[in-house]
Amino acid sequence: MSATSSTILNLPDQSTATLPKKNYINAEHGLLSWLFTGDHKRIAMLYLISITFFFFIGGAFAGLIRLELLTPQPDLVASDTYNKFFTMHGIIMIFLFLVPSVPATLGNFLIPIMLGAKDLAFPKINLLSWYLYMAGGTFTLAALVLGGVDTGWTFTTPLSTHYLNTHVITAATAIFIAGFSSIFTGLNFIVTIHRMRAPGMTWFRMPLFVWSNYAASLLMVLGTPVLAIAIVLVALERTFGIGVFDPTKGGDPLLFQHLFWFYSHPAVYIMILPGMGVISEVISTFSRKRVFGYTAVAFSSVAIALFGFFVWEHHMFIMGVSNYSALVFSLLTMLVAVPSAIKIFNWAFTLQQGSITFETPMLYAFGFLGLFTIGGLTGVFLGSLGMDIHLTETYFIVAHFHFVMVGGMLMAFLSGIHFWWPKMTGRMYPESLSKLAAVVTFIGFNLTFLPQFILGYLGMPRRYHAYPPEFQVLNVLSTAGATVLGVGYLLPMLYLAWSLKYGAIAGNNPWQATGLEWQIQSPPLTENFIEVPIVDHEAYDYEWLAHKTQHEVTTVG
Amino acid sequence: MHISPVLWQFLVKWLNASALFPREASTIAPYADELYFFLILITILGLLLVGALLLVFSVMYRKEKHPVATQIEGSTLLEATWTIIPLAIFLVCFVWGALLYFRIYNPPTNAMNIYVVGKQWMWKAEHPGGQHEINALHVPMGRPVQLTMISQDVFHSFSIPDFRVKREVIPGRYTTVWFEATAVGTYHIFCTQYCGTKHSAMIGEVTVLTPEDYQKWTQQSTSGMSLAQNGERLFASMGCNACHSGNAAARGPNLAGVYGSKLQLANGSQVLVNDAYLRDAILNPSQHVTAGYSPIMPTYQGQISEDGLIDLVEYVKNLQTNYRVQQTLTTSQSDQTAPITPEMVKP
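The structure presented is a predicted model; accordingly, all values stated were derived computationally and were not measured.

1. So, the overall build of chain B
Scanning chain B from terminus to terminus reveals nine helices and twelve strands. Overall size of chain B, expressed as C-alpha extent along the three principal axes, is 95 × 50 × 40 Å. Within the span of chain B, comprising 347 residues, buried residues form 50% of the whole. Counting contacts in chain B only where the partners sit at least 6 residues apart, residues at least 24 apart contribute 67% of the total.

2. Remarks on the sheet that holds strand β9 (residues 185-191) of chain B
Residue and element names in this part refer to chain B. Within the open sheet, the five strands sit side by side as β4-β10-β9-β6-β7. Their pairing is mixed. At either margin of the open sheet sits one strand with a lone partner, and together these are β4 (136-140) and β7 (165-169). Strand-to-strand twist across the sheet, computed as the mean angle between neighbouring axes with direction ignored, equals 20°. Relative to β7, strand β6 (residues 156-160) is paired through five bridges, and the arrangement is antiparallel. Bridging from a neighbouring strand, Phe158 pairs with Arg167 of β7.

3. Some points on the pattern of salt bridges
A full pass over the atoms with the stated rule returns 15 salt bridges over all chains. Across the salt bridge formed by Glu64 of chain B and Arg62 of chain B, the nearest N and O atoms sit 3.2 Å from each other. Since its relative accessible area comes to 42%, Glu64 of chain B is described here as partly exposed. Bridged by salt links that share partners, the residues Arg205, Arg290 and Glu538 of chain A together with Glu73 of chain B form one connected network.

4. What to know about the sheet that holds strand β3 (residues 132-134) of chain B
Residues and elements named next belong to chain B. Spatial ordering of the open sheet is given by β3-β2-β1-β5-β8, a layout of five strands whose pairing is mixed. Bordering the open sheet on either side are β3 and β8 (175-179), each of which pairs with just one other strand. For this sheet the average axis-to-axis angle between neighbouring strands, irrespective of direction, equals 25°. Where strand β2 (residues 122-126) lies against β3, three bridges are found, and the strand directions are antiparallel. Residue pairing for β3: Glu126 is matched across the bridge by His132. Sitting on the sheet, helix α8 (residues 306-318) touches β1 (112-119), β2 and β5 (145-151), and the angle it makes with β1 is about 160°.

5. Describing the interface of chain B and chain A
Contact residues are listed per partner, giving 83 residues for chain B and 96 residues for chain A. Of the roughly 7,700 Å² buried at the junction of chain B and chain A (both faces included), carbon and sulfur atoms supply 68%. On the chain B side of the interface with chain A, the three residues burying the most area are Trp82, Tyr101 and Tyr194 of chain B, jointly 11% of the side's total. For the interface between chain B and chain A, the tally reads two salt bridges. Between Arg173 of chain B and Asp252 of chain A there is a salt bridge, and its shortest N-O distance comes to 3.1 Å. At the surface where chain B touches chain A, the tally comes to 31 residue pairs in polar contact (both at pLDDT 80 or more). Elements that contribute at least two residues to the side of chain B that touches chain A include exactly α2 (29-60), α3 (76-105), β7 and β9 of chain B.

6. Here's the deal with unusual backbone geometry
Peptide bonds are mostly trans, and most non-glycine residues show a negative phi. The step from Thr157 of chain A to Pro158 of chain A runs through a cis peptide bond, and the omega angle for that step is 0°. Checked against the element boundaries, Pro158 of chain A lands in the loop between α5 (123-145) and α6 (159-162). A cis amide bond links Ser522 of chain A with the next residue in sequence, Pro523 of chain A, at an omega value of -15°. In this fold, Pro523 of chain A is placed in the loop between α16 (472-502) and α17 (542-556). Phi is positive for Phe155 of chain A, which is not a glycine, with a value near 50°. Position of Phe155 of chain A relative to the elements: it lies in the loop between α5 and α6. Phi angles above zero are rare outside glycine, and Arg164 of chain B is one such case at about 65°. Assignment of secondary structure puts Arg164 of chain B in the loop between β6 and β7.

7. A closer look at the confidence of the model for chain B
All names here are of chain B. In the predicted model, chain B carries a mean pLDDT of 86, and the fraction of residues at 70 or more is 91%. Within chain B, helix α9 (residues 323-332) has the poorest average pLDDT of any element, 42, and β6 the best, 97. Predicted complex metrics record ipTM = 0.93 and pTM = 0.91.

8. Brief notes about a nonpolar patch on the surface
A contiguous nonpolar surface patch, about 360 Å² in accessible area, is contributed by Leu64, Leu67, Leu70, Leu76 and Val476 of chain A. Tracing the backbone shows Leu64 of chain A in helix α2 (residues 40-68).

9. Observations concerning helix α14 (residues 395-425) of chain A
Residues and elements named next belong to chain A. At Phe419, α14 shows its maximal kink, close to 40°; a proline, Pro422, follows between one and four residues later. The element α14 is largely enclosed, with a buried count of 30 among its 31 residues. Measuring from the side-chain oxygen of the N-cap residue of α14 to the backbone nitrogen of Phe396 gives 3.1 Å; that N-cap residue is Thr394. One or two positions beyond α14, positive phi appears at Gly426, with a value near 80°.

10. Considering the pairing of β7 of chain B
In terms of residue burial, β7 of chain B counts as a mostly covered element, since five of its five residues are buried. Connecting β6 of chain B to the next strand, β7 of chain B, in antiparallel fashion are four residues, including Arg164 of chain B with a positive phi near 65°.

About the cut-offs
Residues numbered from 1 in each chain as written. Chains lettered and ligands numbered in written order. Predicted model: local features only at pLDDT ≥ 70, side-chain atom pairs only at ≥ 80, totals over all residues. Heavy atoms only, no water. Helix = DSSP H or I, 4+ residues; strand = E, 2+ residues; numbered from the N terminus. Buried < 20%, exposed > 50% of the residue type's maximum accessible area, 1.4 Å probe, protein only. Contact = heavy atoms within 4.5 Å. Pairing = 2+ DSSP bridges. Axes fitted to C-alpha atoms, helices over the stretch in contact; angles between N-to-C directions. Salt bridge = Lys/Arg side-chain N within 4 Å of Asp/Glu carboxyl O. Buried area = accessible area lost by both parts, 1.4 Å probe. Polar contact = N/O pair within 3.5 Å; in protein donor to acceptor, adjacent residues only side chain to side chain. pLDDT = per-residue confidence, 0-100. Patch = residues over 30% accessible without salt bridge, like charges linked within 9 Å, V, L, I, M, F, W, Y side chains within 5 Å. Areas by Shrake-Rupley, 256 points an atom, 1.4 Å probe, with all protein chains shown as cover. Bend = angle between axes of the 7 residues up to and from the residue.

Shown next as structure tokens:
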């Protein structure tokens, strides 16, 4: 791979370059050294492998769903099987992929290094988080193998408590356990960010990736227990018929909706905020500029986290809540959209006066900006009360949250994986193939989900196994798009695996980025830093970097 | 947003022909569509703006053209701009959406009432005149129709996309939605809340008829007994009339005229007697003891189906005045309406 004039790639001479003799990957050998590791970087790699595994299982269900919807007739599978498909797709993708993906992999790997620390505050709890995640995953697979569950990922009562004979409790246990994994990760991050910053690493010198993960961690710690409560109540009601959600026993079925969405709306921000952090890092690096309005971007993360707790009722506008509470929650929903808008413009203006190159992470980040803008603005449709009545529970919702979650969060994840791959493995991925994958993913994504907006306004309800024939053309388009999208996701899987052995040696700082993680060897030592770094510059200070590089050259020369 | 009516008609016709747009078949639909177009406009403008910024900056400041980045800290003025302008736009969306919401969910007082019971997996509609339909709903064109809905088992959601209305149908409480159809034809009724195995088969059809055809339909499909008459029978067979006899010495309060009134309860609070209150008072009587009476009424939880409760409520409703007669007349125009028993009618 040759560095063209447009890249900033700074690879060492490939004929002589080798990986560092000592690094976290070869520090110890054998499977047990990984399974009992306390090293945040090794735990991040464990997460990366397991999350990728679950992503492809969840993706396989998405493929089956789209395949079934190719025709209006219920011809591929029976209704209850289809219902199990979308339930497994939802549970796996949300609880086992979207929520942990960026924090547990990239966050785990990078946050201590970005802060100049040797590890997270509680390495053993960090390992415990991974085991809890795997236990949650195992229960999910158990529910699947035992015959599946068909509640939908929302576990709506009284359907889940009284009317389904499938493995609701197994799946609920899975989510309950995986929730604790998320709580522990959040707790670990919060303590680490408060207590383990290197000398000179003030709050406003922290990379924005750390800020956004900090905000997401607050949500994980405060929101997830409410989900745990809701899930426990479902299990109790199902087993003992305690009746909290059962109107015939004086319970209130809407109570479940309140409890569930009190977690599950903030969960959306748990998913997207860390992704936003990735975008800040990538855009800054490839335009060689400090993020425009650093403080505003940092605070907008916290604002999203705070407001995120006060909008849950917008999932219930048509459920017979009082008109006036609907007004309040609609207004709050509009307010939470503002910090996201701020971020978009700040990212765009980071490019201004920059020196921009278009490596793969940047392509994914641009994809993120476009898709997240659409996802965000279509959220305004749903926050707008009268419009929500017609659009909610249709494919418009499906399209909207896939734009935010898949178009936004997953694009950010792929951007981040490509960006930090050289740091995590010490090797580069093949550049032209990865650019192709980014483009294929973008096209496939739009082809899949844009038709669903139209389907939604036409009125096609979500979670329909069969549908009236007039919706078929758009569904065929969507399924075709899903096929392209699938290829876009398989490509990185293949070439990243290939690069582990054959990729070019990356060197310490292939992107000439400023973060502390780029100032140490790739892959890093187990203890990250040989001596505790002293931070004397702002985040994204490219002048400092230029000075440092020059200084190093003169010292070496 | 004021588009000229001619332009609007043209636009809607063109969109309908393209099959990318649902039919506009209720008085609400044009209002919903106006907001929809406004929101699409905002989305497209927003996307174009972001896209243009990315494109222009990418071209102007790519490395070949601009090898060294100029560091800029930020700009309070710019940031204030892109905080305030989106906020203002979102507030417009909020107000517009709220106005539409109130329009959709506040029924006009002259709306005729039809009951809908959702159950796994069918919609059962009950007209006050006694017409029953499964997965079908016949309504007259040009008259506001209010649906009072309840679920017998799990959450369902009643949606007619071509009318742009939808409402969750919930176990244990009545919800309402109203519409006024503007075009004769048949339209989909979808259940949009996932409700178990045959969720996607819970589809019905609403048929909008001209008022004349509607009158014919009610006459052909009447079961001969209005809901209130069914309720009256149920009232007697369950022994309700033993206490609610209407005498001064009765152990339960007189129900004549109670519907729509403010009722003084034993615990000192006052409630408005509506459908929901009546249903709850039958199922949970101990929580709704009328002032001056002892809490001796047993619960009827589990003894009456939702359909039976609707009949009872409709019966009590009609004890008010000659409401039942009006209601059945306005709803069904049937010539087989319930005979008027003398004690039920209050002048």
